[in-house]
Amino acid sequence: TDTRTTAAHGGAIGLHGIKKWFGTFQAVDNVSLDIRSNEFFTLLGPSGCGKTTLLRMIAGFELPTEGQVLLDGVDISRLLPNQRPVNTVFQNYALFPHLTVAENIGFGLKMLGKPKSEIDSVVKDMLKLVHLDGRGNNPVTQLSGGQQQRVALARALAPRPKVLLLDEPLSALDLKLRKSMQMELKRLQLETGITFVFVTHDQEEALTMSDRIAVMSTGTVRQVGSPWDIYDRPAERFVADFIGETNFLEAEVISVSGEKARVRLSSGAEINATYPEGITPKGKVTIVVRPEHARLGSSGSGMLEGVLDDIVYLGTDNHFHVKVDGGSTFIVRQQNAKSGHCGFSEQERVSIAINDDVAQILRD
Ligand code: ATP
């Protein structure tokens with residue numbers, strides 16, 4: 001077997017109490033995270049939340065003002081970038097235009113003083129890994145954007161880093177290419193066993209590729225979890241809002257038993273709701289329900305009553321905007337299981353039924 005393309009061990013990254021100030025501006029505020037060996041880990045958040053700064057501190061391009069960066073338990077906070085077994089892939093590829101594909105891929109190994117025979121053999125493996133066999137002698141400038149991104153990946157993977165950092169590497173590609181490169185990145189991570197730390201502001205991209213996601217806002221990590229944890233069990237309003245479409249409802253806790261609480265909606269209907277770790281919900285709370293976790297029905301059949309304000313036909317789904325009696329708008333997303341009109345009309349009175357065990361109480 002080829003040990004170069006089947007690494008047994010990706011590095012584990014520990015971030016402990018990381019703070020970063022640029023002059024008087026605090027870009028990162030006390031972030032602690034444990035990124036596991038071999039995982040595809042994503043830092044997700046809006047522009048300016050500190051994702052890139054955090055990534056640059058793992059790479060060594062920036063030093064934390066306070067806190068430590070550990071690799072497999074060893075403090076690497078003060079090491080220079082080239083002393084860390086970590087490599088970065090940037091959004092703009094940063095390839096050398098005057099070099100061939102193979103020379104670009106072998107560049108890092110050459111800098112490390114590896115013998116030519118070893119470089120040739122690794123480059124060959126890397127070309128195969130990123131599906132560019134036979135393109136080694138082409139000038140990189142002759143390749144398409146997607147192919148150039150593959151070269152950038154191969155170059156970063158060639159020295160066998162323990163951790164690969166990816167800073168919005170797909171954002172320069174068009175939508176179709178981006179989708180196929182998402183699959184490609186996932187495959188590369190699985191095949192190499194290298195820990196990937198991926199930065200994006202695109203929630204769909206994060207949900208598609210990640211083993212776990214850290215959702216960030218203004219220099220802080222708001223929640224860490226699997227894609228379904230983050231999507232189905234958001235702990236707070238920012239996370240629920242940032243990841244997909246959400247309905248927020250006011251409710252009152254009646255009782256708590258184990259991991260679930262019984263809550264009463266403004267209509268008087270009662271449902272079960274889960275809640276975030278570390279709190280015991282009581283009194284008035286806000287709950288979230290995803291649009292696809294509720295069903296629209298004729299008036300009198302559900303838990304909430306209202307007027308159907310708007311029907312948005314999307315081919316695969318309909319989005320129903322319901323003005324709930326005495327409350328706000330609730331969106332129901334329903335798949336079009338058969339062709340033709342959905343059977344509801346605007347301004348009709350309707351009811352909404354919420355599925356079992358889908359509601360989540362927010363912290364706050
Ligand atoms: P984006 O997706 O737009 O790249 P981000 O989440 O990666 O955003 P960062 O690039 O980490 O955000 O920046 C976080 C904040 O720190 C921003 O407000 C940015 O302006 C500021 N910042 C980053 N680098 C520096 C610097 N060298 N000097 C001063 N401020 C900086």
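Just so it is clear, the structure is predicted and the values come from calculations on it, not from any experiment.

**Brief notes about helix α4 (residues 145–157)**
The periodicity of an α-helix, 3.6 residues per turn, causes residues three or four positions apart to be oriented the same way. Between the first and last C-alpha of α4 there are 18 Å, a value that for 13 residues agrees with the 18 Å anticipated at 1.5 Å per step. Inspection of α4 places Q148, Q149, R150, V151, A152, L153, A154, R155, A156 and L157 among the buried residues, and these make up the whole buried set. Tucked into the core, α4 has its buried residues touching β6 (86–89), α2 (101–111), α3 (116–129), β7 (163–167) and α5 (175–192).

**Considering the site of the ligand**
Near the ligand you find F22, F25, A27, G45, S47, G48, C49, G50, K51, T52, T53 and H201, and these make up its full shell. Looking at which element gives the most residues to the shell around the ligand, the answer is helix α1 (residues 51–59), with three residues. Split by residue class, the shell around the ligand holds four nonpolar, seven polar and one charged.

**What to know about the UniProt feature "domain: ABC transporter" (unreviewed entry) in the protein chain**
According to UniProt, the positions carrying the feature "domain: ABC transporter" (unreviewed entry) are residues 13–243. Here residues 13–243 is 36% helix and 26% strand, with 25 Å between the C-alpha atoms at its ends.

**What to know about unusual backbone geometry**
Notably, H131 is not glycine yet its phi reads approximately 60°, a positive angle. Take H131: it is sitting in the loop between α3 and α4. Judged by local crowding, H131 falls into the exposed class, with 12 C-beta atoms found within 10 Å. Even without a glycine there, the phi angle at Q347 is positive, about 75°.

**With respect to the confidence of the model for the protein chain**
Confidence in the prediction for the protein chain averages 92 pLDDT; 98% of positions are at 70 or higher. Low pLDDT, under 50, characterises residues 1–7; the predicted model gives this stretch 14 contacts beyond four residues in sequence or across chains. The ipTM for the predicted assembly is 0.95, set against a pTM of 0.90.

What counts, and at which threshold
Residues numbered from 1 in each chain as written. Predicted model: local features only at pLDDT ≥ 70, side-chain atom pairs only at ≥ 80, totals over all residues. Helix = DSSP H or I, 4+ residues; strand = E, 2+ residues; numbered from the N terminus. Expected span 1.5 Å × (residues − 1). Buried ≥ 20, exposed ≤ 12 C-beta atoms within 10 Å, placed from the backbone. Contact = placed C-beta atoms within 7 Å. Near = placed C-beta within 6 Å. Nonpolar A, V, L, I, M, F, W, Y, C, P; charged D, E, K, R; others polar. UniProt positions renumbered as here; feature names shortened; annotations may be inferred. pLDDT = per-residue confidence, 0-100.

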